[in-house]
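Topology and contacts: notes
What follows is each chain in one-letter form.
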Amino acid sequence: MNTLEITKDTPKDKAETIQISGSQAVLEALLAESVDTIFGYPGGAIMPIYDALYDYNDKLRHILVRHEQGGIHAAQGYARTSGRVGVVFATSGPGATNLVTGLADAMIDSNPIVCVTGQVFAHLLGTDAFQETDIINITAPVTKWNFQVTDACEIPTALSKAFHIARTGRPGPVLIDITKNAQLQLFDYEGYKVCNHIRSYRPKPIVRKEYVEQAAELINKAQRPFVLFGQGVILGKAEADFKAFIEKAGIPAAATVMGLSALETGHPLHVGMLGMHGNYAPNVLTNECDVLIAIGMRFDDRVTGRLDKYAKQAKVIHLDIDPAEIDKNVKTTVPVWGDCKETLPLLTELVDRRDHADWLGRFRELEQAEIKEVIYDELNPTSEIMTMGEVLRTLNELTDGEAVIVTDVGQHQMVACRYAKFNRSKSNVTSGGLGTMGFGLPAAIGAWYGTPDRTVVAIIGDGGIQMTIQELGTIMQFGAKVKIIILNNEFLGMVRQWQQLFHDRRYSFVNITSPDFVTVAKGYGIPGQSIRERKDLKQAVSDMIAHDGSYLLEVMVGKENNVFPMVPQGSSVAEIRLK
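Fair warning: this is a prediction, and the values are worked out from it, not measured in the lab.

**Some remarks on the pattern of salt bridges**
The final tally for this structure, using the stated rule, is 26 salt bridges. Of the charged contacts, one joins Glu288 and Arg362 as a salt bridge, the two residues approaching to 3.1 Å between their closest N and O atoms. In this pair, Glu288 sits in the loop between α12 (280-286) and β12 (291-295) while Arg362 sits in helix α15 (residues 357-379), placing the two residues 74 residues apart along the sequence. When its relative accessible area of 30% is taken as the criterion, Glu288 is described as partly exposed. The salt bridge involving Lys481 is made with Asp548; its shortest N-O contact spans 2.8 Å. Residue Lys481 is found in the loop between α19 (472-478) and β18 (482-488), and its partner Asp548 is found in the loop between α22 (537-546) and β20 (551-556); the two are separated by 67 residues along the sequence. Several salt bridges share partner residues, and in doing so they unite Arg170, Asp322, Glu325 and Lys328 into one network.

Pasting the structure below:
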C-alpha cells in the first residue's frame, strides 16, 4: 500500500495561500480531522512538531506517556471506546521502533491509528545517522499503509490519505514518517482537503445481492442455524442491525473475544463466548449446527481449533468487509462481501421470522452443565482461596454491566471475558489477536480519554502490569480516572496452566516476584489497597469505584487455579474440556 501516489500541494493562486511550516501543517491536519487527543513522547527528530504544538495547546490535548509503546496502546484504547482514530507522536530511531508492537496489535485487531514519527534530515537518510532507522520497511508488514514525507508540500495530502485509510474499510494503523527538514520547511499552504477517495484503494467491496439472496435461502431452510459475531459488528456501527437480524430469524448467537459487547450479555439469544476458553455450548454445538453464519469475524485458530474437524457438517455463510478473510481459513458456502451495516439489513429483509426454541434449548442444556461443573464454583467458591471469577462477579454487581472493562493478557483476561457483563457496545477492550502483555494499563488510559463519562476498569495480572507499570506516571500527571484491579496469583498464570496440563507440571520460570504494588502506586500519587480475604472484597471494590480518580486494588487469588473450559491446542472445538 505504500506505493499510493502522493502529490505535492502546489498552489494555483498565491493570493489564496499562506506560508506555514510542515510542522504547522501536521497540526492543522489533525484539527481538520477533528482530532482532540494525541498520545506521544518528544525527541530530537520530531522536535519541530512539538515546538509548533506549543502554540496549539488550547486546541489539541497532548498526553505525555512514559514509553512509546504505552502511547500506541493508549491510542488503541481511545479508538476502541470512542470509535475515532487514535493519534500517536514519536521520534525517530528507538522512539519509532517502540511503536512496532502496538502497530502489530492494532493491525491484527483492526484498530484505526495514525502514527506520526519524526525522521532525520532527508540528506542524512541511508547514512546511519544518529537515531536513524528505516521505519518504513520495518513497519510495512504491520501497517495498513505507511509513507515517508521528505517535502513539506506532501504533508497535507499524506495525512488526509492516512486518516482515510485508517478509518475506512477494515480499519487499521497507518504510519507517516516525516523528515526533520520537511517539518521545518515553509511552504505555500492552501488549506486541508479531507480525503474521501483514493483511486487505487477500495475500502468496501461491492455488495452482490445474489449472495445475500443465497444466504437468506440457506438460513430460511436451516433447522439448527448458529451465528458467530465479531468486532466487525462494532466497527460497522451495526449493533442495532445485528440485533434485528438475529431476533427476526430467532438464531442463537455467540461472540468472539473481540465481538463481546456488540450484543448485551443478557440478551435471550446470546449464548456465550467462542474460543479456547469460551463457553461449552457454543464450542460443542458449532459441530452440530447445519448453517453457520459468521458476521464480522475472521475464523482465527483460537475460535476454530482443528480446522479439519471444524463445522464440517455445516453450510457456512461469511459476512465480512475484507475479501481476504473469505475462504482464508474456513471454506465458505456463500460469501457475503461488504460492510455489515449494509449487508445485514438486506439479509434481515429476506429472512423469515422464526423461532428455533428447541435448538436454543440445546445451548441452555449445555450451559447448565458448564454452570454445574465450572461456573458456579468459580463465581461462588467455598474454599478460603479467592478466585478471579468471584472478583468479576463482585464487579458486575457493583457496576451493573455499565463499565468499560479493559484487560491485559493471560488468565485474568479470559476470566474477565467469560464473566464480565456488558450492557453497552464498545465496553470490552483487550488485545485479541496479538495477545500483548502490557497492553492493559496504557489501553485503559486511552479508553478513559475516549469515554471519560464512563467507569473504566483495567483488569491486569501481576506479570502484565510490570511490563508497562511506568504509565502510572501518565495517570499521575494527567489525571485519567482509571480503576486498576491487579489479580495477583504470583505466577505467569496462563503459561503455568499450560505447563501444568501439558508439560507435567514442570514450572519453568513462571513464578514471578512482584513489588508492593500499593506502595508503587502511592509513589505515583494513586491511592490503593491490597486484600487477601473474601470478607474484604466487596467493600474494597466499592471503595475503588466510588473514589473520584484513579485507584489501584490488588486482589490475591489462588496461585494454581486454572481457567476452564479449555480447548486443548490441536483439538476440535467439540473436544473442549470442562475440567
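**Observations regarding the pairing of β18**
In terms of burial, β18 is a largely internal element, 7 of the 7 residues being buried. Here β18 shows two buried faces, one formed by Val482, Ile484, Ile486 and Asn488 and the other by Lys483, Ile485 and Leu487. As paired strands, strand β17 (residues 456-461) and β18 are joined by 6 bridges and run parallel to one another. Each residue of the ladder has a partner; that of Ile459, found in β18, is Ile485. Viewed along the sheet, the connection from β17 through α19 into β18 turns out right-handed. Summarising the sheet, β18 and β20 pair through 6 bridges and their orientation is parallel. From the neighbouring strand, Ile484 faces β20, where its bridge partner is Leu552.

**A short note on the layout of surface pockets**
One water molecule sets the probe size; rolling that probe over the atoms shows where empty space is left. As a volume, the second largest pocket reaches approximately 450 Å³. Around the second largest pocket, the lining is made up of 28 residues, and of these Thr265, Asn279, Glu367, Arg418 and Lys421 lie nearest the centre. If you list the elements that add at least two residues to the lining of the second largest pocket, you get β11 (270-273), α12, α15, α16 (388-399) and α17 (411-419). Per-element accounting of the lining of the second largest pocket gives the leading share, 6 residues, to α15. Tallied by class, residues from the lining of the second largest pocket come to 14 nonpolar, 8 polar and 6 charged.

**A short note on the sheet that holds strand β6 (residues 145-149)**
Strand order across the open sheet formed by 6 strands is β3-β2-β4-β5-β7-β6, with parallel pairing between neighbours. Only two strands of the sheet have a single neighbouring strand rather than two, namely β3 (61-64) and β6. Strand-to-strand twist of the sheet, defined as the mean angle between neighbouring strand axes without regard to direction, takes the value 20°. Of the strand pairs in this sheet, strand β2 (residues 37-40) and strand β4 (residues 86-90) are connected by 2 bridges, and their pairing is parallel. Note that in β4 the partner of Gly40 across the bridge is Phe89. In this fold helix α5 (residues 100-108) packs onto β5 (113-119) and β7 (173-179), with an angle of close to 145° to the strand it touches most, β7.

**A closer look at the pairing of β5**
Judged by how many residues are buried, β5 sits mostly within the fold: 7 of 7 residues are covered. The side-chain alternation of β5 yields two buried faces, one formed by Ile113, Cys115, Thr117 and Gln119 and the other by Val114, Val116 and Gly118. The pairing of β4 with β5 spans 5 bridges and is parallel. Residue pairing for β5: Gly86 is matched across the bridge by Ile113. Pairing of β5 with β7, which is carried by 7 bridges, proceeds in the parallel orientation.

**Thoughts on the environment of Thr265**
In this fold, Thr265 is placed in the loop between β10 (253-255) and β11. Using a relative accessible area of 25% as the deciding quantity, one classes Thr265 as partly exposed. Put simply, Thr265 and Val334 are 69 residues apart on the chain and 28 Å apart in space, counted from C-alpha to C-alpha. With residues up to four places along the chain from it excluded, the contact list for Thr265 reads His270, Ala420, Lys421 and Phe422. At 2.8 Å, the side chain of Thr265 and the backbone nitrogen of Phe422 are in polar contact.

**Concerning helix α18 (residues 440-450)**
For α18, the buried fraction is high: 11 of the 11 residues fall into the buried class. Every buried residue of α18 is accounted for by Gly440, Leu441, Pro442, Ala443, Ala444, Ile445, Gly446, Ala447, Trp448, Tyr449 and Gly450.

**Remarks on the side chain of Thr168**
Relative to the assigned elements, Thr168 resides in the loop between α7 (155-167) and β7. Within polar-contact distance, the side chain of Thr168 engages the side chain of Tyr201 at 2.8 Å. When sequence neighbours within four positions are dropped, the list of residues in contact with Thr168 reads Lys144, Tyr201 and Pro203.

Criteria and thresholds
Residues numbered from 1 in each chain as written. Predicted model: local features only at pLDDT ≥ 70, side-chain atom pairs only at ≥ 80, totals over all residues. Heavy atoms only, no water. Salt bridge = Lys/Arg side-chain N within 4 Å of Asp/Glu carboxyl O. Helix = DSSP H or I, 4+ residues; strand = E, 2+ residues; numbered from the N terminus. Buried < 20%, exposed > 50% of the residue type's maximum accessible area, 1.4 Å probe, protein only. Pairing = 2+ DSSP bridges. Right-handed = clockwise from strand over helix to strand, strands pointing away. 1 Å grid on protein atoms, 1.4 Å probe; cavity = no way out; pocket = protein on both sides within 12 Å on 5 of 7 lines; lining within 4 Å. Points joined across faces, edges and corners; volume = space filled by probe spheres on them. Nonpolar A, V, L, I, M, F, W, Y, C, P; charged D, E, K, R; others polar. Axes fitted to C-alpha atoms, helices over the stretch in contact; angles between N-to-C directions. Contact = heavy atoms within 4.5 Å. Polar contact = N/O pair within 3.5 Å; in protein donor to acceptor, adjacent residues only side chain to side chain.

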